Amino acid sequence: MATPVISGTTRTNLGPLTTDTWTYTCTEVIQQCSNCRNGWAAQTCISGTVTDNQDCWPPRTTGVPATSGAVFGWGVYSPGIVCPGGYTSAVGATYGGSSDFNFQYPLTAGETAIGCCPLGGYLPIRDSGKRQTCVQYKPSTSFLVGSCHTDGPVYTSFSLGNTLHSMTYKKFVVSAPMYQAVFQSSDLSATSTSISTVSQTRSSRTSGTNAGGSGNTSAAQVSDSNNRSSGLQKGVIAGIAIGTAALVALIAAAVIFLWLRGRKRRHALIAAAAPKTVPPYPDIEQTEFKPPLLAGSPENPVEVNGMTPPAELHHPAVVAELDSSPNDGRLRKR
């Protein structure tokens, strides 16, 4: 089978995936090291080396080459229109359209991709090596943890919070393979389009998945979700534009109103602070007040009954001295 190179990436077609009859049962985890807080599911040991357990992948077409290394990814299922049992749709993308994940294997024109992750709260990621995988950060159930030996893996039952190799683990991260399924619109049957959208399945993935639901998702869900998502995005953009215009108009009206009210208030304050205009008093000649003079006063001598005021009498001065003789004490003229 041909393995095309798309955008510099070799993409192996593992074969069709059109039913969910195959179920994932690989719950054993190979620990990275004896005291590491992470491990990989769907792995095994060959000659003491961690290797992909190919039996933990859905059936493939005869002649598909083996994986190149542990947890490096393998290829895509095409046409792939459903996630297998024990897995659920986690992410989706359409060539040249909407996408919520950067898939490891690029799409070609007209293709849609589904990223399938195990049930149990696994999340899709691209690791530091740009390989796509599914990660469970807080395992809620017990599982088997093993390490590689020359004669194969040796497993021990383990759950978060327990002791393993004399070490208590409060954190443990489990990685599992992501199955990438791709399809063309022509691969879908006419009756598949009535299935509910993938967005509803994704929301139930975190709740229904932990509750133990089947979580199987068809390609029709992803296709329908992408179409509705595109329409929703246009509607959201239009709504944002209208809302923004209305908000700008409201702000402008508020600014004008406040400016007018402030202007009116300033005019009122200026009018109140201005001095009151008082009518001027009539001009009154300011003259010195002088009381009336009475007749006969020294400043206004007048004649009374034809008589003139008496003149100062002139008479010789009479000088008298006291006689100092003791006889009679009478004044003596000189």
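Definitions and cut-offs
Residues numbered from 1 in each chain as written. Predicted model: local features only at pLDDT ≥ 70, side-chain atom pairs only at ≥ 80, totals over all residues. Heavy atoms only, no water. Helix = DSSP H or I, 4+ residues; strand = E, 2+ residues; numbered from the N terminus. Buried < 20%, exposed > 50% of the residue type's maximum accessible area, 1.4 Å probe, protein only. Contact = heavy atoms within 4.5 Å. Areas by Shrake-Rupley, 256 points an atom, 1.4 Å probe, with all protein chains shown as cover. Pairing = 2+ DSSP bridges. Axes fitted to C-alpha atoms, helices over the stretch in contact; angles between N-to-C directions. Disulfide = S-S within 2.5 Å. Phe/Tyr/Trp six-rings, centres within 6.5 Å; stacked < 30°, edge-to-face > 60°. Salt bridge = Lys/Arg side-chain N within 4 Å of Asp/Glu carboxyl O. Polar contact = N/O pair within 3.5 Å; in protein donor to acceptor, adjacent residues only side chain to side chain.

(A) The arrangement of the overall build of the chain in detail. Broken down by element type, the chain carries two helices and 20 strands. Within the chain, buried positions represent 33% of all 334 residues. A sequence separation of at least 24 residues applies to 67% of the contacts in the chain between residues at least 6 apart. Summing over all exposed atoms, the chain offers an accessible surface of approximately 21,500 Å²; the carbon and sulfur share of this is 58%.

(B) Focus on the pairing of strand β18 (residues 179-184). For β18, the buried fraction is high: five of the six residues fall into the buried class. For strand β8 (residues 76-80) and β18, the ladder comprises two bridges, and the chain directions are parallel. The residue of β18 that forms the bridge with Tyr-77 is Ala-181. With six bridges joining them, strand β10 (residues 111-118) and β18 adopt antiparallel strand pairing. Residue pairing in the sheet places Gly-115 in a bridge with Gln-180 of β18.

(C) Representation of the pairing of strand β7 (residues 49-52). Of the strand pairs in this sheet, strand β6 (residues 43-46) and β7 are connected by four bridges, and their pairing is antiparallel. Directly across from Cys-45, in β7, lies its bridge partner Val-50. Hairpin geometry of β6 and β7 is characterised by an intervening segment of two residues between the two adjacent antiparallel strands and by a positive phi of about 55° at Ser-47.

(D) Representation of the sheet that holds β10. Sheet architecture is open: five strands sit in the order β3-β8-β18-β10-β9, paired in mixed fashion. Of all the strands in the sheet, the pair left with one neighbour each is β3 (13-17) and β9 (87-94). Between one strand axis and the next, the sheet turns by 30° as a mean value, whatever way the strands run.

(E) Representation of the sheet that holds strand β4 (residues 29-31) within the structure. The seven strands are arranged β11-β12-β17-β5-β4-β13-β14 in an open sheet whose pairing can be described as mixed. Of all strands in the sheet, those bounded by a partner on one side alone are β11 (123-126) and β14 (154-158). In this sheet, neighbouring strand axes are inclined to one another by 35° on average, regardless of whether the strands run parallel or antiparallel. Sheet topology places β11 next to strand β12 (residues 132-136); four bridges connect them, and they run antiparallel.

(F) Layout of the environment of Thr-9. One can find Thr-9 in strand β2 (residues 9-10). Separated by 96 residues in sequence, Thr-9 and Tyr-105 have C-alpha atoms that sit 6.7 Å apart. Apart from residues no more than four positions distant in its own chain, Thr-9 is found in contact with Pro-4, Gln-104, Tyr-105 and Pro-106.

(G) Expanded view of the state of the cysteines. By the definition in use, this model includes five disulfides. For Cys-45, the disulfide goes to Cys-148, at an S-S distance of 1.8 Å. Because the sign of the S-S torsion sets the handedness, a value of about -90° for the bond joining Cys-45 and Cys-148 places this disulfide among the left-handed ones. Linking Cys-45 in strand β6 with Cys-148 in the loop between β13 (143-147) and β14, this pair joins segments that are 103 residues apart in sequence.

(H) Looking closely at the packing of aromatic side chains. Within this structure, the stated rule accounts for twelve aromatic pairs. Centre to centre, the rings of Phe-143 and Phe-172 are 6.0 Å apart; their planes meet at 50°, and the pair counts as tilted. With Phe-143 in strand β13 and Phe-172 in the loop between β16 (167-168) and β17 (173-177), this residue pair connects regions lying 29 residues apart in the sequence. Like Phe-172, Phe-143 is buried. With a centroid separation of 5.6 Å and an interplanar angle of 90°, the aromatic rings of Phe-158 and Tyr-169 are classed as edge-to-face. With Phe-158 in strand β14 and Tyr-169 in the loop between β16 and β17, this pair connects stretches of sequence that are eleven residues apart. Each member of the pair, Phe-158 as well as Tyr-169, carries the same accessibility label: buried. The structure contains a cluster of three or more aromatic residues connected by ring pairs, namely Trp-22, Tyr-24, Trp-57, Trp-74, Tyr-77, Tyr-87 and Tyr-179.

(I) Quick look at the environment of Tyr-87. By the element assignment, Tyr-87 lies in strand β9. In this structure, the C-alpha to C-alpha distance between Tyr-87 and Thr-23, residues 64 residues apart in sequence, is 8.0 Å.

(J) Broad picture of the pattern of salt bridges. All told, the structure shown has two salt bridges when counted by the stated rule. Here Arg-11 and Glu-111 are joined by a salt bridge, their closest N and O atoms 2.9 Å apart. With Arg-11 in the loop between β2 and β3 and Glu-111 in strand β10, this residue pair connects regions lying 100 residues apart in the sequence. Two residues, Arg-131 and Asp-127, come together in a salt bridge whose shortest N-O distance is 3.3 Å. Taking the relative accessible area as the measure of exposure, Asp-127 reaches 25% and is therefore partly exposed.

(K) Molecular detail of the side chain of Arg-11. Relative accessible area serves as the criterion here: at 8%, Arg-11 is assigned to the buried category. Of note is the side chain of Arg-11, whose polar atom sits 2.9 Å from the backbone oxygen of Pro-106.

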